[in-house]
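Remarks on the overall topology
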Amino acid sequence: RRGGTLNLSSGINAEYGELEKAAKILQELQVETFGSMEKKEKVEFILEQMRLCYETKDYIRTSIISKKISTKYFDSKETDDLKLRYYRQMIDLNLHHKDYLAVSKNYHEIYSTPAVKENDEQWKEALQRVVIFLILSEYDNEQCDMLARVKTDSNLSKIPYYQNVLTCFDTAELLNWSILREVYSSHLKSKAGQATTPLDTEENWEVLRKRVVEHNIRVIAKYYTRISLSHFASLLHLELKEAEDMLCKQVVKGTVTAKIDRLDGVINFSKHRNTEEVLNSWSGNLNSVMNLIGNCNHLITKERMVHQVN
C-alpha cells in the first residue's frame, strides 16, 4: 500500500516536471525487501526508479538499482513487456558509458524475446544493432565469444550486408577502411522512413575506423615477426605517427606483443621468452634433431645391408 502511494506521489511530481523530487520519493522505498508485494509489482517499481534516476542523470544510482532485478525473472513469456522495458533502459545506460559490448548483449536479449521473434521487422532491427555494436566493441575474449555465437545464427543470412561486415572482422585479412565505408555506408545507415541506426552519427563511424585499424594490427602481428615502420604504416593506410600510436595502445592493452626499434625503424612482433621457455624450446629442438639423425642412421644401415645381399 505504501509502495502504491509513493508511486502515485512520484508520478504527480514527474508530471509537473519535478523529476529530482519524484526520483527521491521512489528511492525512499526498498521494495526488494517487501515480502507482501508481488514480483511483477516489485520489478515495475524498480524499473520506474531506474527511469527517474536516469532522467535526472544519476547514472551511478541507475546502475546500482538495475542490479536489484534478476534477469532470470524474464525467462517466462508473460514477462516479455517488462523484459523489453528493462533492456531498453539498460541500453540507454550502457550507451552513456560507451560500453558497446554490453549494448550488443542487451540488443541480443531483446532479439531473443519471443514477442520480438514473432515480428520480422522487430527482430531484424534488433539483430542489426547486435552486429553493429559488436563490431564497435573493443577486441577481447568476451567480444570474440559473442562474435562466434552471433555468426552461427541462421537469421543472419537474411540481412546479408550485416553478415558480410561481421565476417570481415572475423577473417584474418587486412581491411581497407575507405573501401569498407564506401561499400557498406549506404546499407548500414538508415533510409528515409526508417528508424535511425547507430552508424547515422559520424562519431560511431570514427569508432568503427579505429576498430578496423586495430583489426589490421592484429592481422599484421599474426603474419609478421619483423616489419619496417614505414611498411607497417602503409598497410594500415595511416600516417607514421598515428600508426605508431595505435600500435602502442594495442601493446598496452595486451592485444599484441611488439617492440619498436626507433634507430632502425623496425617493429619486432616476436614474443619475449623467459629462460625456462628458451631451454624447453632448445631441448625440444635437440630431441627432434637426434630423432632425425637416428632415422637417417637406420636408413643408411638398411641400404648397406640390401647392397651386401645383392
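Throughout, residues of each chain are indexed from 1 in the direction in which the sequence is written. The predicted origin of the model limits local features to residues at a pLDDT of at least 70 and limits the giving and counting of side-chain atom pairs to 80 or more, whereas totals for whole chains, interfaces and linings rest on all residues. In computing side-chain values, all of the structure's heavy atoms are included and hydrogens and water are not.

Some words on the overall build of the chain
Convention followed: Working definition: helices are DSSP H or I runs of at least four residues, strands are E runs of at least two. Numbering for both runs from the N terminus. The buried label applies to any residue whose accessible area, calculated with a 1.4 Å probe on protein chains only, is under 20% of its type's maximum; exposed applies above 50%, and partly exposed to all values in between. Contacts are assigned to residue pairs with any non-hydrogen atoms lying within 4.5 Å of each other. Accessibility throughout is a Shrake-Rupley quantity obtained with a 1.4 Å probe, and a residue counts as covered only by protein chains that appear here.
From N to C terminus, the chain includes 15 helices and three strands. Residues classed as buried in the chain amount to 39% of the 310 residues present. Long-range contacts, defined as pairs at least 24 residues apart, comprise 54% of the intrachain contacts of the chain with a sequence gap of at least 6. Working note: accessible area of the chain is about 19000 Å², and carbon and sulfur atoms make up 51% of it.

Re a nonpolar patch on the surface
What counts is decided by this rule: Each patch is built from residues lacking any salt bridge and having more than 30% relative accessible area; the joining distance is 9 Å for like charges and 5 Å for nonpolar side chains (Val, Leu, Ile, Met, Phe, Trp, Tyr). One side-chain nitrogen of Lys or Arg within 4 Å of one carboxyl oxygen of Asp or Glu is enough to make a salt bridge.
On the surface, Trp282, Leu286, Val289, Met290 and Ile293 cluster together to form a nonpolar patch covering roughly 520 Å² of accessible area. With respect to the helices and strands, Met290 occurs in helix H15 (residues 275–309).

Observations concerning the sheet that holds strand S1 (residues 226–228)
The pairing of strands in a sheet comes from backbone hydrogen bonds and takes either a parallel or an antiparallel form. Which entries qualify depends on this criterion: When DSSP finds two or more bridges between a pair of strands, those strands are recorded as paired. To obtain an axis, a line is fitted to C-alpha atoms, over the contacting stretch when the element is a helix, and the angle between two such axes runs from 0 to 180 degrees between their N-to-C directions.
One open sheet holds the three strands; their spatial order is S1-S3-S2, and the pairing between them is antiparallel. Lying at the two open borders of the sheet, with one neighbouring strand each, are S1 and strand S2 (259–261). The mean inter-strand angle of the sheet, taken between neighbouring strand axes irrespective of direction, is 25 degrees.

Focus: the side chain of Ser185
Condition: Polar contact is the term for a pair of N or O atoms within 3.5 Å; when the atoms are in protein, one must be able to donate a hydrogen and the other to accept it, and sequence-neighboring residues count only if both atoms are side-chain atoms.
Residue position: Ser185 is located in helix H11 (residues 177–188). A distance of 2.8 Å separates a polar side-chain atom of Ser185 from the backbone oxygen of Arg181. Beyond its immediate sequence surroundings of up to four residues, Ser185 is in contact with Leu180 and Trp205.

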